[in-house]
Amino acid sequence: MTLIWRHLLRPLCLVTSAPRILEMHPFLSLGTSWTSVTKLSLHTKPRMPPCDFMPERYQSLGYNRVLEIHKEHLSPVVTAYFQKPLLLHQGHMEWLFDAEGNRYLDFFSGIVTVSVGHCHPKVNAVAQKQLSRLWHTSTVFFHPPMHEYAEKLAALLPEPLKVIFLVNSGSEANELAMLMARAHSNNIDIISFRGAYHGCSPYTLGLTNVGTYKMELPGGTGCQPTMCPDVFRGPWGGSHCRDSPVQTIRKCSCAPDCCQAKDQYIEQFKDTLSTSVAKSIAGFFAEPIQGVNGVVQYPKGFLKEAFELVRARGGVCIADEVQTGFGRLGSHFWGFQTHDVLPDIVTMAKGIGNGFPMAAVITTPEIAKSLAKRLQHFNTFGGNPMACAIGSAVLEVIKEENLQENSQEVGTYMLLKFAKLRDEFEIVGDVRGKGLMIGIEMVQDKISCRPLPREEVNQIHEDCKHMGLLVGRGSIFSQTFRIAPSMCITKPEVDFAVEVFRSALTQHMERRAK
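Being a predicted model, the structure only gives us computed values, none of them experimental.

(A) Inspection of helix 7 (residues 260-275) at higher detail. End to end, helix 7 covers 23 Å across 16 residues, agreeing with the expected 22 Å (1.5 Å per residue, within 8%). Packed against the buried residues of helix 7 are strand 6 (190-193), strand 7 (223-226), strand 8 (283-286) and helix 8 (302-312).

Put into structure tokens, the structure is as follows:
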């Protein structure tokens, strides 16, 4: 699919010919060269697709000064990728440019956040117009952007999910959803999956079940983990379990419409209800596909049965759509729809604002009233004019440019391409996902399925970066590559990404052989 407006930018096309060390462009001033990141080596690097955009010249802090400031004034927690972290300068759609003049294909979109493309022209124009009109009022006054956005967003949710609370981040949205569940049910216990990530704030840390985000200090009380129904790494799984074009390499005797693995995982869920929580519970949180844990998919039908069990205990069901929402999964606009379930509460963030700080909680009138009776909920920045104008523009772009359909078509194409690499390389244990949310899990071998050591995964990650491809990481041992580009991605760019990944795997296998 080609987006019409891109043709307007043809005069500024970057030159990206055969692999090279550096190429000078005479139309650039002051000697700065913007070029693809590929360099000469023993291997022929995949050719980077052209880009219809010319970035500005970088004129800010030097790299060493950035390192000094970061070390002295910013969080000491190491979050940056790569031995030499990238200093990014500018973005355009699916492309990023660093301070040294290198161009990268962004296949992680700011941790599954840039939904319609970096600095999308329409979103930029709307933001600039609102910026010159009104930045902020808070909800003690009305302003049209908030009401216009609420109407547009509510129209995308099924009945009775029609009451919207606007906030600023996914963690904030999930904390509010926790309060709603407890206020409505008058119970305390909330269940979430092992491997789940629902935020890193004091309350949501109880829901998050990834060791890296756990503390020795008490916090997030009343939260109970349950087994994640992971059909690749869990005890049960077969060849028909996932709602995906690509299934696990595990075999089973199940008929296509019957899943024994699902039944086994439901028994584990029942065991949690019988042993770890009170007779009446507040709720159950689930990501339609786990993100931080490496794009883990559950057996078809699992969430539907789990939701019934939770409601039988008086609890409400919460779908965390922070990473899966807004058409990213292709077949449906919301991830919960792929499981044929109707949650009581839906939380969303990230792609909602294409990178602008924005989030929302949507629930039923009944649950909203339960919260209002107990709490005078207020949020200074939630629903501010800038966020709502941008949120509306994002929804319009998704519809006008058929980005949900693009996610389905290009995402399926990419999944099948990556699945061939699983068949080709012993260290690719699993390829999974749906639409433009894909995981590639690295293993030592397909028999043991032990995670590939972090240092080896790091080398592959670095090699991809050197060839101009940026991907994310996930899973408990950081052994899974997370693929989640902006929804404007095209098949030629997918072809480039797959060839980069194949080249990186080939180089790694050669290192291993030595």
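(B) The pattern of salt bridges, seen in detail. Taken as a whole and judged by the stated rule, the model has 24 salt bridges. For arginine 511, the salt bridge goes to aspartate 463, with nearest N and O atoms at 3.0 Å. You can see arginine 511 sitting in helix 13 (residues 491-513) and its partner aspartate 463 sitting in helix 12 (residues 454-466), a full 48 residues away along the chain. Note on arginine 511: relative accessible area 33%, which makes it partly exposed. Each of Arg233, Arg242, Arg422, Asp423, Asp430, Arg432 and Glu441 takes part in salt bridges that share partners, so that together they form one network.

(C) Geometry of the pairing of strand 8. What you see with strand 8 is no split at all: Gly283 and Phe285 on one side and Phe284 and Ala286 on the other are buried throughout. As judged from the four bridges shared by strand 8 and strand 9 (residues 316-320), these two strands associate in the parallel manner. Note that in strand 9 the partner of alanine 286 across the bridge is alanine 319. Each parallel crossover has a hand, and for strand 8 linked through helix 8 to strand 9 it is right-handed.

(D) Broad picture of the nonpolar core. If you look at the biggest cluster of nonpolar residues, it comprises 99 residues, and the most contacted ones within it are Phe107, Phe284, Phe326, Ile440 and Met442. No other element matches the nine residues that helix 10 (residues 385-400) contributes to this core. Three or more residues apiece are contributed to this core by two domains, here domain 1 (78-107 + 403-513) and domain 2 (121-401). Sequence-distant contacts of isoleucine 440, defined by excluding residues within four places in its chain, comprise Phe418, Val428, Asp430, Val431, Gln479, Thr480, Phe481, Ile483 and Phe501. In terms of nonpolar packing, the next biggest core, distinct from the first, is built from 24 residues, Phe165, Ala181, Ile190 and Val316 among them.

(E) Geometry of the domain arrangement of the chain. Partitioning the chain into domains gives domain 1 (78-107 + 403-513) and domain 2 (121-401). Taking only C-alpha atoms, the centre of domain 1 and the centre of domain 2 are 25 Å apart. With 36 residues of domain 1 in contact, the opposing surface of domain 2 contributes 36 residues. Counting the surface domain 1 buries against domain 2, the share from its top three residues, Gln404, Lys434 and Met437, is 27%. Of the charged contacts, one joins aspartate 243 and lysine 434 as a salt bridge, the two residues approaching to 3.3 Å between their closest N and O atoms. On the surface where domain 1 and domain 2 come into contact, there are 22 residue pairs in polar contact (both at pLDDT 80 or more). Every element with two or more residues in the side of domain 1 that touches domain 2 is listed here: helix 11 (403-424), strand 12 (428-434), strand 13 (437-442) and strand 16 (480-483). Of the residues assigned to the side of domain 1 that touches domain 2, the class counts are 16 nonpolar, 13 polar and seven charged.

(F) Examining the packing of helix 5 (residues 170-185) against helix 9 (residues 365-374) more closely. As a packed pair, helix 5 and helix 9 sit with axes 8 Å apart at the nearest point and diverge in direction by 90°. With respect to their mutual orientation, helix 5 and helix 9 come out roughly perpendicular. Each of Leu176, Leu179, Met180, Ala183 and His184 in helix 5 lies in contact with helix 9, whose residues at this interface are Glu366, Ile367, Ser370, Leu371 and Arg374. For the contact of helix 5 with helix 9, the per-class residue count stands at six nonpolar, two polar and two charged.

(G) A look at the environment of phenylalanine 232. Summarising the element assignment, phenylalanine 232 is placed in the loop between strand 7 and helix 7. Counting along the chain gives 64 residues from phenylalanine 232 to valine 296, while the straight-line C-alpha distance between them is 8.4 Å. Discounting chain neighbours no more than four positions away, the residues touching phenylalanine 232 are Arg242, Thr248, Arg250, Gly429, Asp430, Arg432, Glu441, Val443 and Cys449.

(H) Main features of the packing of aromatic side chains. Using the criterion set out here, one finds 16 aromatic pairs in the structure. Where phenylalanine 193 meets phenylalanine 284, the ring centres are 5.4 Å apart and the plane angle is 90°; that geometry is what we call edge-to-face. With phenylalanine 193 in strand 6 and phenylalanine 284 in strand 8, the pair connects residues that are 91 residues apart, well separated along the chain. Comparing phenylalanine 193 with phenylalanine 284, the two get one shared label, buried. Each ring, one from phenylalanine 418 and one from phenylalanine 501, has its centre 5.7 Å from the other, and the planes form 85°; the classification is edge-to-face. With phenylalanine 418 in helix 11 and phenylalanine 501 in helix 13, this pair connects stretches of sequence that are 83 residues apart. A residue is classified by how much of its surface remains accessible, and phenylalanine 501, at 1% relative accessible area, is buried. An aromatic cluster is defined as three or more aromatic residues linked by ring pairs; in this entry it consists of Phe193, Phe269, Phe284, Tyr298, Phe302 and Phe307. The ring centre of tryptophan 95 lies 4.4 Å from the NZ or CZ of arginine 103, which sits over that ring. Just above the ring of tyrosine 413 sits the side chain of lysine 491; from NZ or CZ to the centre is 5.1 Å.

(I) Seen up close, the packing of helix 12 against helix 13. It is the contact of helix 12 with helix 13, at a shortest axis distance of 9 Å, that shows an interaxial angle of 135°. The orientation of helix 12 with respect to helix 13, classified from their angle, is oblique. As for how helix 12 packs across helix 13, the hand of that crossing is right-handed. The segment helix 12 lies against helix 13, with Glu456, Gln459, Ile460, Asp463 and Cys464 engaging Val500, Phe501, Ala504, Leu505, Gln507, His508, Arg511 and Arg512. Taken together, the residues that form the contact of helix 12 with helix 13 break down as six nonpolar, three polar and four charged.

Criteria and thresholds
Residues numbered from 1 in each chain as written. Predicted model: local features only at pLDDT ≥ 70, side-chain atom pairs only at ≥ 80, totals over all residues. Heavy atoms only, no water. Helix = DSSP H or I, 4+ residues; strand = E, 2+ residues; numbered from the N terminus. Expected span 1.5 Å × (residues − 1). Contact = heavy atoms within 4.5 Å. Salt bridge = Lys/Arg side-chain N within 4 Å of Asp/Glu carboxyl O. Buried < 20%, exposed > 50% of the residue type's maximum accessible area, 1.4 Å probe, protein only. Pairing = 2+ DSSP bridges. Right-handed = clockwise from strand over helix to strand, strands pointing away. Core = buried A, V, L, I, M, F, W, Y, C linked by side-chain atoms within 4.5 Å. Domains from an automatic or database assignment. Buried area = accessible area lost by both parts, 1.4 Å probe. Polar contact = N/O pair within 3.5 Å; in protein donor to acceptor, adjacent residues only side chain to side chain. Nonpolar A, V, L, I, M, F, W, Y, C, P; charged D, E, K, R; others polar. Axes fitted to C-alpha atoms, helices over the stretch in contact; angles between N-to-C directions. Parallel < 35°, antiparallel > 145°, perpendicular 65-115°, else oblique. Phe/Tyr/Trp six-rings, centres within 6.5 Å; stacked < 30°, edge-to-face > 60°. Lys NZ or Arg CZ within 6 Å of the ring centre and 35° of its normal. Left-handed = near helix turned anticlockwise from the far one by under 90°.

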